[in-house]
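Observations on the model geometry
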Amino acid sequence: MKIGFIGLGNMGRPMARHLILAGYDVTVHDVRSDAALEHLGLGARWVDSPATCAEGVDVLITMLPTPRIVEDVLLRGGAAEALAPGALWIDMSTSTPAAARRVAEEVLDARGVRRLDAPVSGMARGAEAGTLQIFAGGAVEDFRAALPVFEVLGDPAKIQHVGAAGHGYTVKLMLNLLWFCHVVATSEVLAMGVKAGVDLGVLRSALLASPAASHFLEHDVLSVLVDGDYDDSFAMVLACKDLGLAVDLARDTGVPAELAALVEQIYRRAKASYGDLAGEMSPVRLYETWAGRDFRLPVPTVPAV
């Protein structure tokens, strides 16, 4: 199987590497040619345009930052026109059903090119480990055809066909929205509790033993509480983009989204305070400022031998 892979950022770079190591014939493209150096060393082929990357491949995978860039690559970059009839485009970006639909309606449908939206969860470390969660939307037969590729990139137990074209994008946006809500809600609770004088570790332990416990409180927030790491593998500019897309989806579906809109504004305040490239957990820093202290658990002491 010949695979074209466009987008070698924090997520796409290790994903393309896994496909090469699995024995696929991989052609790669990115706006930065130096992003492909390790792939070329492993046997991939570099091309200097999206259209050339799509020529003659069975599957074209895109892993790009925004819906606008997805459309630029497929439509204005010529990738859609270059795909052969019967080829499969798999967009693994966090994008929107509307963007992919425009690509399909303008080019792909008339050419007989199939498509799946298959965004991922698991952050950069999941991409590195090949254990991503994958949400695929599209025809069942196309999902089955792509499954061997997905199993190279993700945990087989976490690869799901979630419905028709566009449903993968929707599920991923909802996942991100809920996670960002957890960031803000947990930060607010910790800030109020410690400002009122409760020990941070005691407060967290009490919450974990209660019906308010969450995976975020138990696992994800530890990067901040233990290491002071706000996770710059996913930048605030991308987090705000995803929140904006979720709010847009709420508007499109007619669902009131007051909480989503508020969380988006808090994220945008953190982006303004700490910069576009600050880590996705940066809203915690806002609440640390309001609490007057960093949220850090004490480092366990090792008894002397």
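This text follows the structure it describes.
Rules used in this analysis
Residues numbered from 1 in each chain as written. Predicted model: local features only at pLDDT ≥ 70, side-chain atom pairs only at ≥ 80, totals over all residues. Heavy atoms only, no water. Axes fitted to C-alpha atoms, helices over the stretch in contact; angles between N-to-C directions. Helix = DSSP H or I, 4+ residues; strand = E, 2+ residues; numbered from the N terminus. Parallel < 35°, antiparallel > 145°, perpendicular 65-115°, else oblique. Left-handed = near helix turned anticlockwise from the far one by under 90°. Contact = heavy atoms within 4.5 Å. 1 Å grid on protein atoms, 1.4 Å probe; cavity = no way out; pocket = protein on both sides within 12 Å on 5 of 7 lines; lining within 4 Å. Points joined across faces, edges and corners; volume = space filled by probe spheres on them. Nonpolar A, V, L, I, M, F, W, Y, C, P; charged D, E, K, R; others polar. Phe/Tyr/Trp six-rings, centres within 6.5 Å; stacked < 30°, edge-to-face > 60°. Buried < 20%, exposed > 50% of the residue type's maximum accessible area, 1.4 Å probe, protein only. Salt bridge = Lys/Arg side-chain N within 4 Å of Asp/Glu carboxyl O. Pairing = 2+ DSSP bridges.

It is worth spelling out the packing of helix α4 (residues 67–76) against helix α6 (residues 97–111) at this point. At a minimum axis distance of 9 Å, the contact between α4 and α6 shows a crossing angle of 15°. Between α4 and α6, the interaxial angle falls into the category roughly parallel. The interaxial crossing formed by α4 with α6 has right-handed handedness. Packed against α4, whose contacting residues are Pro67, Glu71, Leu74 and Leu75, the element α6 presents Ala99, Arg102, Val103, Glu106 and Val107 at the interface.

Moving on, we come to the layout of surface pockets. Within this model, the largest pocket holds a volume of roughly 1100 Å³. Lining the largest pocket are 46 residues, and of these Met11, Met63, Ser233, Phe234 and Leu238 lie nearest its centre. Elements with a minimum of two residues in the lining of the largest pocket: α4, β7 (120–121), α7 (123–129), α9 (167–195), α11 (215–220) and α13 (236–253). If you tally residues by element for the lining of the largest pocket, the top one is α9, at six residues. Split by residue class, the lining of the largest pocket holds 23 nonpolar, 14 polar and nine charged. Volume-wise, the second largest pocket comes out at about 180 Å³.

Our next topic: the packing of aromatic side chains. Applying the stated criterion to the full structure yields five aromatic pairs. Judged by centre distance (6.2 Å) and plane angle (40°), the ring pair of Phe143 and Phe150 falls under tilted. Both residues of the pair, Phe143 and Phe150, count as buried. Geometrically, the ring pair formed by Phe180 and Tyr267 is tilted, given 4.9 Å between the ring centres and 55° between the ring planes. With Phe180 in helix α9 and Tyr267 in helix α14 (residues 258–274), this pair connects stretches of sequence that are 87 residues apart. With respect to class, Phe180 is no different from Tyr267; both count as buried. Each residue in the set Trp179, Phe180, Phe216 and Tyr267 is aromatic and connected to the rest through ring pairs, giving one cluster.

Right, let's talk about the packing of α9 against α13 for a bit. For the pair α9 and α13, interaxial distance at closest approach is 9 Å and the crossing angle is 115°. One way to sum up the angle between α9 and α13 is to call them roughly perpendicular. Here α9 and α13 pass one another in a crossing that is left-handed. When α9 is examined against α13, the residues Thr170, Leu173, Met174, Asn176, Leu177 and Phe180 are found in contact with a partner set consisting of Ala239, Asp242, Leu243, Leu245, Ala246 and Leu249.

For the coordinates displayed, the defined rule picks out 15 salt bridges. Between Arg17 and Glu38 there is a salt bridge whose closest N-O contact spans 2.9 Å. Of the two residues, Arg17 is situated in helix α1 (residues 12–21) and Glu38 in helix α2 (residues 37–41); the sequence distance between them amounts to 21 residues. Note on Glu38: relative accessible area 30%, which makes it partly exposed. With a closest N to O distance of 3.7 Å, Asp30 and Arg32 form a salt bridge. Assessed through its relative accessible area of 8%, Asp30 is described here as buried.

Another point: the pairing of strand β9 (residues 154–163). Bridging between strand β8 (residues 132–137) and β9 involves five bridges; their strand directions are parallel. Its bridge partner being in β9, Phe135 is matched across the sheet by Gln160.

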